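Chain residues, written in single-letter form:
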Amino acid sequence: MTVHLAADVLVVGAGPAGAIAAAELARHGLRAVLAGQDDGRADHDLVLSGAALRGLASVGALEEAGARVVDAVELRLGPGDGHVLPEAVSAVCGRRRLLDGLRRTAVTAGATWLPGTVSDPVREEGVWHASTGGTTVSARHLVLATGAPPTGTSHATGLLCARPYSGVDLTTSIVLALPAPRTIDPAERPTCVWAVPGGTAGTCTIGASRLGPADPDELLQTALTVLAGGDPRFAAAVPTGPAVTGALNSGFSPERSVQDGRLLVGDAAGLVNPFTGEGLSYAVQSAVLAARAIAGHPGDAAAAGRAYTRRLSATFVGYFETATHAARRYHLAWRVLVATAGDERPVSAKVRRAVLTPEGFSGLTAADLMPLPAADVALLGPFLLACDEVAVRAVRAEWPFIARLLIAGEQAPHQRLRPAVPFFAALLAGGNPPDATMATLAAAIELATLGALAFLGPMPSRAAPGRRVDWAVASTVLAGDFLLAQASRLVAASAPEVSWSFADWLGELAALRAARIDPAGRSRAGEVFAALLEFPSRIGAQLGGASPETVGALRSFGGHSGHAFLHAEEVLALRGERTRLDVTLPAMLAGRLSAIPDDLPGITGGLLAGDPGARSEAMDLAATGCEDAHRAALAALRNVTHPVSARILRSFVATLCAPCAPPSAAGPAGTAPADRPDPSAPVS
Amino acid sequence: MTTTAPPGSFTAGVHDRLSRLADDLPELVRGPVRTLIAGPGKFARPRLLAACAAFGTPDPGRLVRLGAVVELAHLASLLHDDVIDEARTRRGAPAAHTAVGTEQAMLAGLACFALVGTEAADLGEGVAGAVSTAVATLAYGELLDVERAFDTAFPLPAYLEVVRCKTAELFRLCCLLGAAEGRCGPGETDALVRFGAALGVTFQILDDCLDLSPSGSGKPIGTDHALGLFGAPTLYALRADRGGELARLLLSPSFGVRDLPEAHALIKDRGGLEAAARLAADWHGQALDALRGLPAGDPRDRLAALTTSLLDVPS
């Protein structure tokens, strides 16, 4: 006898994405049916990124996943030594345990779980019908979580392999390796290799992925060769189970993720990092987005589809959105990543994080969030969202990886430290609510700041001579020119009256940096940073119609904030913590970014590392400099009478200076600096 | 009439304006820009702009400033191109990055782009908008050109996209600014802009042909091939390179100027030069078509003469 089940949503595909979608739908009180056949794949361990962990926690599935936290992600790009990726939160778990746990979570939340093959769903008069075993299901909404399609757009299709091994001494970290290209031929495709520790000592799972045609045996052999090369931990690895192979499809686009009323989630939507093959965090995030889109429009499948597309566009950017240039842009990104592997310049570090990790990166900053009253957030939030939208639109088609620098994995974008915040507050200082079109100018300022960082940071060293492109230098110039040109274009289109000042600002930055790196130069290190933040404050105040006194006060505020920013970077770097610019102390000194040598001539990274006295002197200097700049910035704000404007700016500069606040018991500063490991130190 | 000034005085005026602008740059970024300005430039872009403006009645002072803006945009991109390509020389002198170092050369290029921005803004919102759009396209062209290095399977349409963005866009801008300054009507402006874009593509295809054999222009040959930037003749020949002989030669790690005669022979043998010449003729034809859409007379004749001289001796 056939049983009929009337549901709100049918989720086809019972992998991680499907189970999470069903769980989240049930949590919203919708009748969800989770149907699909178990893929019967052999078990292996996989990586749970910070984004995946947050997603699992949000649907209450973290306990069930049995995640084991690992200390570090070791990144090996090209032939050099590995580096620990600072603050990359990660965990590992067994795939089988995760799947069972997620299905249990879905059922506990109230979803119905129907294991077995599902017939192709058919829609009649707005209702989907499908059957599995002896059950027929009808539902208004359909979510497809059926994994990567075996065929797809050729530029984004490849192979993914994983296999368990023993005899490996890998316990506390994940290894991610991207070997250097063997030839100058752009037709060569990269292989990404990873290893995660297993549940018992001495075991691990080794995996590899490659876009384009690949043979599973060859791929796993390459993986082992890459890992064992120069890393004794993998020398005695022997396989302990069968290899698992799957299709890799990273051909995501928000528009293709809704097909004739079907909402595609996870691998089915092509949401896979083409470099690492990582798809779990995207599976979790997209499943939650799809469920929430449906929950927002339970009676209207078309509206749910539109909402889902919108949410996807705002959440995932940076991969192959246009097939035309995908292969070449992918090749470019690979060459740049490998060429800048040992490079600790701000831009390189940011690009690595943005391209390789699902967390992405946020503008000028790390994770610091500005505390703001809800009313201020309500005012600032929409403006910054509009700003992000414009910025991403300006670069996403032509240089998708840069788009990832702008919003990937973003949490609370409205509370981050970013140049658009002082710009907004300065606009407000004149007393009028900022015009929404000013968000375009804010986007231009943020793109320009990112572009300026490419030119104003220390230069990468030249590649060894030979017949090749010097990718490190080339990408610096290309990214800088591209971002500054896009920014100028946005300014001319949205606020032509600012075009002159904007170009003049770029010229000023070039001159300040040129003076700073000149051997005979007497320019202070903080001046470049002061100019970076002075401009948004000044232009905002002028456009917002503030009085000349207020404009002057805001200019001064911006300049002092820039100095404070640099000193806070120094404090973080001296402590061996991740800085906002992702730059290490030696890189700051070598690149003449730091102000420390201005007052302690002859200081070097080695001296600071080896001499506690010099270190403490430098720390005092940086902390005092930060406090002085903070005080001066607050003093300037006395002439800003608009209460909300002043409040936002006070919060901005206080958050900027937070690393220099006196150490608290709970804070990382409580640990003696000398005892802290240097996160930039080579690991192998 | 304001357009009767002899061309010599116009380029002298542009040169003078450029020198003044460079003199106002901050000291540390000034040197490389000055050296470039002092070098032997043909002012192809300012002359094109002026020739287009001659269809109307431009203000001579503004015309000189506009000419300086487009030349400066060209110089700024040369500074950055030379950093990327590691060129040894530029216009007969050591390239800026070899003289002052990579970072200072990069900053000089940035300062130069900034100067383009302030000058364009000074000349009006329309100028600022047109210039910033063109510079954005130029930057994208720069990216396209670098990422295709050593690509022996680079498709012709993609090559044309690079050429349109990297070379033709600036020619197009000159014609657009010239038409605007001459207050040309929409029909004339449209024809001039189409003309500029087609002229720029023709110019680049012919320039690519010159990378293979000495032209007497004094430009070093084989540079683009050594960098893996294969032009139209080579890309056509690669499509007919069934045995892969040409591709192997071009991708050889030791490929250099001494291999050029062999590359030249292989490319010629595979019909590359002939096909590229046809492509150039096609684009030249498009430029001339656009030209015919303009009113007959002195300005058109002079623009045609300028076209001939530009295509004869690419800079």
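Residues numbered from 1 in each chain as written. Chains lettered and ligands numbered in written order. Predicted model: local features only at pLDDT ≥ 70, side-chain atom pairs only at ≥ 80, totals over all residues.

Remarks on the overall build of chain B
Turning to step 1, where the next piece is worked out: Each helix and strand in chain B was counted, giving 15 helices and two strands.
Turning to step 2, where the next piece is worked out: Computed over the C-alpha atoms, the radius of gyration of chain B is 20 Å, within 12% of the 20 Å expected from 2.2 N^0.38 for a compact globule of 315 residues.
Turning to step 3, where the next piece is worked out: Reported as C-alpha extents along the three principal axes, the dimensions of chain B are approximately 60 × 50 × 30 Å.
Turning to step 4, where the next piece is worked out: Burial status across chain B gives 56% buried among its 315 residues.
Turning to step 5, where the next piece is worked out: Expressed as a percentage of contacts within chain B between residues at least 6 apart in sequence, the contacts between residues at least 24 apart total 74%. (Helix = DSSP H or I, 4+ residues; strand = E, 2+ residues; numbered from the N terminus. Rg over C-alpha atoms; globule rule 2.2 N^0.38 Å. Buried ≥ 20, exposed ≤ 12 C-beta atoms within 10 Å, placed from the backbone. Contact = placed C-beta atoms within 7 Å.)

Here's the deal with the overall build of chain A
Turning to step 1, where the next piece is worked out: When its secondary structure is counted, chain A shows 22 helices and 19 strands.
Turning to step 2, where the next piece is worked out: For chain A, the share of sequence-separated contacts (at least 6 apart) that also reach a separation of at least 24 residues comes to 74%.

Looking at the nonpolar core
Turning to step 1, where the next piece is worked out: In this structure, Leu10, Val11, Ala21 and Val265 of chain A are the most contacted members of the largest nonpolar core, which totals 356 residues.
Turning to step 2, where the next piece is worked out: If sequence neighbours within four positions are ignored, Val265 of chain A has contacts with Ala17, Ala21, Val143, Ala145, Ala283, Ser286, Ala287 and Ala290 of chain A. (Core = buried A, V, L, I, M, F, W, Y, C linked by C-beta atoms within 7 Å.)

Things to note about the packing of helix 8 (residues 156-181) of chain B against helix 9 (residues 186-210) of chain B
Residue and element names in this part refer to chain B.
Turning to step 1, where the next piece is worked out: Following both chains from N to C, one finds helix 8 and helix 9 inclined at 140°, their axes separated by 7 Å at the closest point. Crossing of helix 8 over helix 9 shows right-handed handedness.
Turning to step 2, where the next piece is worked out: Grouping the constituent residues of the contact of helix 8 with helix 9 by class yields 16 nonpolar, six polar and three charged. (Axes fitted to C-alpha atoms, helices over the stretch in contact; angles between N-to-C directions. Left-handed = near helix turned anticlockwise from the far one by under 90°. Nonpolar A, V, L, I, M, F, W, Y, C, P; charged D, E, K, R; others polar.)

Structural notes on helix 21 (residues 612-637) of chain A
Residue and element names in this part refer to chain A.
Turning to step 1, where the next piece is worked out: The first and last C-alpha atoms of helix 21 sit 37 Å apart over 26 residues, in line with the 38 Å expected at 1.5 Å per residue.
Turning to step 2, where the next piece is worked out: Buried within helix 21 are the following residues: Ala618, Leu621, Ala622, Ala623, Gly625, Cys626, Ala629, His630, Ala633, Ala636 and Leu637.
Turning to step 3, where the next piece is worked out: Check the buried side of helix 21 and you find it contacts helix 17 (548-574), helix 19 (596-599), helix 20 (605-610) and helix 22 (643-657). (Expected span 1.5 Å × (residues − 1).)

A word on unusual backbone geometry
Residue and element names in this part refer to chain B.
Turning to step 1, where the next piece is worked out: The phi dihedral of Phe43 falls on the positive side, at around 55°, and the residue is not glycine.
Turning to step 2, where the next piece is worked out: In this structure, Phe43 sits in the loop between helix 2 (27-38) and helix 3 (44-53).
Turning to step 3, where the next piece is worked out: At Phe150, a position not held by glycine, the phi torsion is positive, near 65°.

Some thoughts on the confidence of the model for chain B
It should be kept in mind that the predicted coordinates are not to be read in detail where pLDDT is low.
All names here are of chain B.
Turning to step 1, where the next piece is worked out: Put simply, chain B has an average pLDDT of 92, and 95% of its residues get 70 or more.
Turning to step 2, where the next piece is worked out: Note that residues 1-5 has pLDDT below 50 and, in this model, nine contacts with residues that lie over four places away or in other chains.
Turning to step 3, where the next piece is worked out: Reported for the predicted complex are a pTM of 0.86 and an ipTM of 0.94. (pLDDT = per-residue confidence, 0-100.)

Side note on the interface of chain B and chain A
Turning to step 1, where the next piece is worked out: Chain B puts 44 residues into the contact, and the matching count from chain A is 45 residues.
Turning to step 2, where the next piece is worked out: Contributions of two or more residues to the side of chain B that touches chain A are made by helix 2, helix 4 (60-85), helix 6 (102-122) and helix 7 (125-147) of chain B.
Turning to step 3, where the next piece is worked out: Looking at the side of chain B that touches chain A, the element that brings in the most residues is helix 6 of chain B, giving 14 residues.
Turning to step 4, where the next piece is worked out: Looking at side-chain class alone, the side of chain B that touches chain A contains 27 nonpolar, nine polar and eight charged residues.

Looking at the sheet that holds strand 3 (residues 45-49) of chain A
All names here are of chain A.
Turning to step 1, where the next piece is worked out: Overall, antiparallel pairing links the three strands, which are arranged 3-7-4 in an open sheet. Here the strands that pair on one side only, and so sit at the sheet edges, are strand 3 and strand 4 (68-70). Ignoring which end each strand starts from, the neighbouring axes of this sheet average 35° apart.
Turning to step 2, where the next piece is worked out: Alignment of strand 3 against strand 7 (residues 90-94), held across five bridges, turns out to be antiparallel. What sits directly across from Val47, in strand 7, is Val92.
Turning to step 3, where the next piece is worked out: The sheet strands contacting helix 4 (residues 95-109) are strand 3 and strand 7, and the helix crosses strand 7 at an angle near 85°. (Pairing = 2+ DSSP bridges.)

Considering helix 8 of chain B
Residue pairs three or four apart in sequence face the same way in an α-helix, which turns once every 3.6 residues.
All names here are of chain B.
Turning to step 1, where the next piece is worked out: When the terminal C-alpha atoms of helix 8 are compared, their 35 Å separation across 26 residues agrees well with the 38 Å that a helix rising 1.5 Å per residue should span.
Turning to step 2, where the next piece is worked out: Along helix 8, the sharpest change in direction is near 50° and occurs at Ala168.
Turning to step 3, where the next piece is worked out: Among the 26 residues in helix 8, 21 count as buried, and that is most of the element.
Turning to step 4, where the next piece is worked out: Directly beyond the C-terminal end of helix 8, a positive phi value near 50° is found at Arg183. (Bend = angle between axes of the 7 residues up to and from the residue.)

Description of the packing of helix 14 (residues 471-494) of chain A against helix 4 of chain B
Turning to step 1, where the next piece is worked out: Where helix 14 of chain A meets helix 4 of chain B, the axes come as close as 8 Å, and the angle between the chain directions of the two elements is 155°. The pairing of helix 14 of chain A with helix 4 of chain B is recorded here as roughly antiparallel in orientation. Seen along the crossing, helix 14 of chain A lies across helix 4 of chain B with a hand that is left-handed. Each of Val473, Ala474, Val477 and Asp481 of chain A in helix 14 of chain A lies in contact with helix 4 of chain B, whose residues at this interface are His80, Val83 and Ile84 of chain B.
Turning to step 2, where the next piece is worked out: Taken together, the residues that form the contact of helix 14 of chain A with helix 4 of chain B break down as five nonpolar, one polar and one charged. (Parallel < 35°, antiparallel > 145°, perpendicular 65-115°, else oblique.)

Some details on the confidence of the model for chain A
All names here are of chain A.
Turning to step 1, where the next piece is worked out: Predicted confidence across chain A gives a mean pLDDT of 86, with 88% of residues reaching 70 or more.
Turning to step 2, where the next piece is worked out: Every residue in residues 360-364 scores below 50 in pLDDT, and together they form 20 contacts with partners more than four places removed in sequence or on other chains.
Turning to step 3, where the next piece is worked out: Confidence drops under a pLDDT of 50 for residues 663-684, and excluding neighbours within four residues, the segment shows 33 contacts in the predicted structure.

Things to note about the environment of Ala26 of chain A
Residue and element names in this part refer to chain A.
Turning to step 1, where the next piece is worked out: Tracing the backbone shows Ala26 in helix 1 (residues 16-27).
Turning to step 2, where the next piece is worked out: Each C-alpha atom of the pair Ala26 and Ile206 lies 35 Å from the other, and the pair is 180 residues apart in sequence.
Turning to step 3, where the next piece is worked out: Excluding anything up to four places from it in sequence, Ala26 contacts Ala32, Ala106, Ala109, Gly110 and Ala111.

Details of the environment of Ala198 of chain B
All names here are of chain B.
Turning to step 1, where the next piece is worked out: With respect to the element layout, Ala198 can be found in helix 9.
Turning to step 2, where the next piece is worked out: On a C-alpha basis, the gap between Ala198 and Gly285 in space is 8.5 Å, while along the polypeptide they are 87 residues apart.
Turning to step 3, where the next piece is worked out: Discounting chain neighbours no more than four positions away, the residues touching Ala198 are Trp283, Gln286, Ala287 and Ala290.

Quick look at the environment of Ala511 of chain A
Turning to step 1, where the next piece is worked out: With respect to the helices, strands and loops of the structure, Ala511 of chain A is situated in helix 15 (residues 499-517).
Turning to step 2, where the next piece is worked out: For Ala511 of chain A, a count of 24 C-beta atoms within 10 Å translates into the label buried.
Turning to step 3, where the next piece is worked out: Along the primary structure Ala511 of chain A and Val528 of chain A are separated by 17 residues, whereas in three dimensions their C-alpha atoms are 9.1 Å apart.
Turning to step 4, where the next piece is worked out: Apart from residues no more than four positions distant in its own chain, Ala511 of chain A is found in contact with Pro26, Leu28, Val29 and Ala111 of chain B.

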